[in-house]
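Structural features, examined
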Amino acid sequence: MTRSVASAIREALLECDPRAKAMMTRKVARDWRLGRLSFVFDVAMPTVPGRPEAPELLPPSRMPKRGKGGSERGRIALWHALAHIEFVAIDLALDMAGRFGGEMDERFVGDFLSVAADEAMHYALIDRHLRGLGSHYGALPAHDGLWEAAGKTSHDVAARLAVVPMVLEARGLDVTPATLDRVKANGDERGARILQRILDDEIRHVRFGAIHFAEVAERLNESRNDLWKTLVSRHFGGAVKPPFNDSARLAAGLPRDLYASLA
Ligand SMILES: [Fe+2]
Ligand SMILES: [Fe+2]
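Okay, so let's go over this structure. Per chain, residue numbering runs from 1 following the sequence as it is written. Written order determines the labels here, with chains lettered from A and ligands numbered from 1. Side-chain atom pairs in this predicted model are given and counted only at pLDDT of 80 or more, local residue features only at pLDDT of at least 70, and totals for whole chains, interfaces and linings cover all residues. In computing side-chain properties, one takes all heavy atoms of the structure into account and sets aside hydrogens as well as water.

Along the chain, the position of Pro-243 falls in the loop between helix H8 (224-235) and helix H9 (246-251). Each residue gets one of three labels from its accessible area relative to the maximum for its type: buried under 20%, exposed over 50%, partly exposed in between, using a 1.4 Å probe on protein chains only. What makes Pro-243 exposed here is its relative accessible area of 64%. We call two residues contacting when some pair of their heavy atoms lies within 4.5 Å. Aside from chain neighbours lying at most four places away, what touches Pro-243 is Arg-171 and Asp-174. The numbering of helices and of strands both runs from the N terminus, where a helix is a DSSP run of H or I of at least 4 residues and a strand a run of E of at least 2.

Here it is as structure tokens:
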């Protein structure tokens, strides 16, 4: 008898050690692809996933200000913040597949497990880069805003898709090009390559969100744009802020008429 995909996902979510979680996540995605896990949802996902003892998690308002990234300290702060985003992104993608997979379908599970595997790779690349700068993930505090967004949408797959890939990950498409330019300007070629790869992958992540959201909207017989706007207003406090990376958003399946009216 093959193991249930839900129990494999749950185990990866509960893992506290970041490197172990990244490896376990890639294995879950691989096992799913190879047909070693069954489409069975017999265990619940944890409310809070496993976290390492460090970094200390602070509310966003208590995070120390980080400069523009020119100094050594500023560069470390930037890569540490990125490592944290990717670490939480692993859990967000795992939770998407494990919490909502049963009410969706196999394709949904496969799509978000492939996202989880990408996030695990992003995390590993950034952690290695951070170590090259003489630091490591956990050396600085981080904030827990990303996981909070997940907690507010645990009850509803449409709300989760609307907020996590279609607002938060789409925001990554908007801000990454400027970070990339800054990293290049500092002469950090390897860092620039990592960010370019992440940007390319994130377009795919947002697209998966947009595709599955459109399918849910159709099933509910609702207009995709209206449903998205309602759910974002209800479950995502902050406004959807310009500047927008319109071309990357369009490539990801988010046309301007969708988000411009919420800006
Ligand atoms: Fe990522
Ligand atoms: Fe992502």
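Another point: the packing of helix H6 (residues 157-185) against helix H7 (residues 189-219). The axes are straight lines fitted to the C-alpha atoms, using for helices just the contacting stretch, and the angles between their N-to-C directions are given from 0 to 180°. Look at H6 against H7: their axes get within 9 Å of each other, and the N-to-C directions meet at 160°. As the angle between them shows, H6 and H7 are arranged roughly antiparallel. As H6 packs across H7, the resulting crossing turns out to be left-handed. The residue makeup of the contact of H6 with H7, split by class, is 19 nonpolar, 7 polar and 3 charged. In this scheme, roughly parallel covers angles under 35 degrees and roughly antiparallel covers those over 145, while 65 to 115 is roughly perpendicular and the rest are oblique. Whether a crossing is left-handed or right-handed is set by the direction in which the near helix is turned from the far one by less than a right angle, anticlockwise for left-handed and clockwise for right-handed. Residues are grouped as follows: Ala, Val, Leu, Ile, Met, Phe, Trp, Tyr, Cys and Pro are nonpolar; Asp, Glu, Lys and Arg are charged; every other residue, Gly included, is polar.

Attention now moves to the nonpolar core. Ile-9, Trp-79, Leu-113, Phe-213 and Trp-228 are the most contacted members of the largest nonpolar core, which has 76 residues in total. Elements supplying a minimum of two residues to this core: helix H1 (5-14), helix H2 (18-33), helix H3 (72-100), helix H4 (106-132), H6, H7, H8 and helix H10 (256-259). Residues belong to a common nonpolar core when they are buried Ala, Val, Leu, Ile, Met, Phe, Trp, Tyr or Cys residues joined through side-chain atoms within 4.5 Å. Within the second largest apolar cluster, 6 residues are counted, among which are Val-88, Leu-92, Trp-147 and Val-164.

A donor here means an N, O or S atom no more than 2.8 Å from the metal, or no more than 3.2 Å when the metal is Na, K or Ca. Since water is not included, a site may seem to lack partners. Within the protein, the atoms that donate to the iron ion (ligand 1) are Glu-86 (OE), Glu-119 (OE), His-122 (ND1) and Glu-202 (OE), at distances of 2.0 to 2.3 Å. In short, tetrahedral needs four donors with all angles between 85 and 135 degrees, square planar needs four and octahedral six donors with opposite donors over 155 degrees apart and all other angles between 65 and 115, and whatever is left is irregular. Each of the 4 donor atoms around the iron ion (ligand 1) contributes to a set of angles spanning 90 to 160°, which defines the coordination as irregular. Read N to C, the donor residues that coordinate the iron ion (ligand 1) are spaced as E-x32-E-x2-H-x79-E. A separation of 3.6 Å is found between the iron ion (ligand 1) and the iron ion (ligand 2), which are bridged by Glu-119. Of this pair, Glu-86 sits in helix H3 while Glu-119 sits in helix H4, placing them 33 residues apart in sequence. In this pair, the class of Glu-86 matches that of Glu-119, namely buried.

Right, let's talk about H7 for a bit. Helix span, expected: 1.5 Å multiplied by one less than the number of residues in the helix. Counted at 1.5 Å a residue, the expected span for H7 with its 31 residues is 45 Å, and the 46 Å between its end C-alpha atoms agrees. Residue Asn-221 follows H7 closely and has a positive phi angle near 60°.

On to the packing of H7 against H8, then. In a packed pair of helices, the relevant descriptors are the angle between the two axes and the axis-to-axis distance. H8 packs onto H7 with a crossing angle of 105° between their chain directions and a minimal axis gap of 9 Å. Classified by the interaxial angle, the pair formed by H7 and H8 is roughly perpendicular. Within the contact between the two elements, H7 uses Phe-213, Ala-214 and Ala-217 and H8 uses Arg-224, Leu-227, Trp-228 and Leu-231. Across the contact of H7 with H8, the residue classes break down as 6 nonpolar, no polar and 1 charged.

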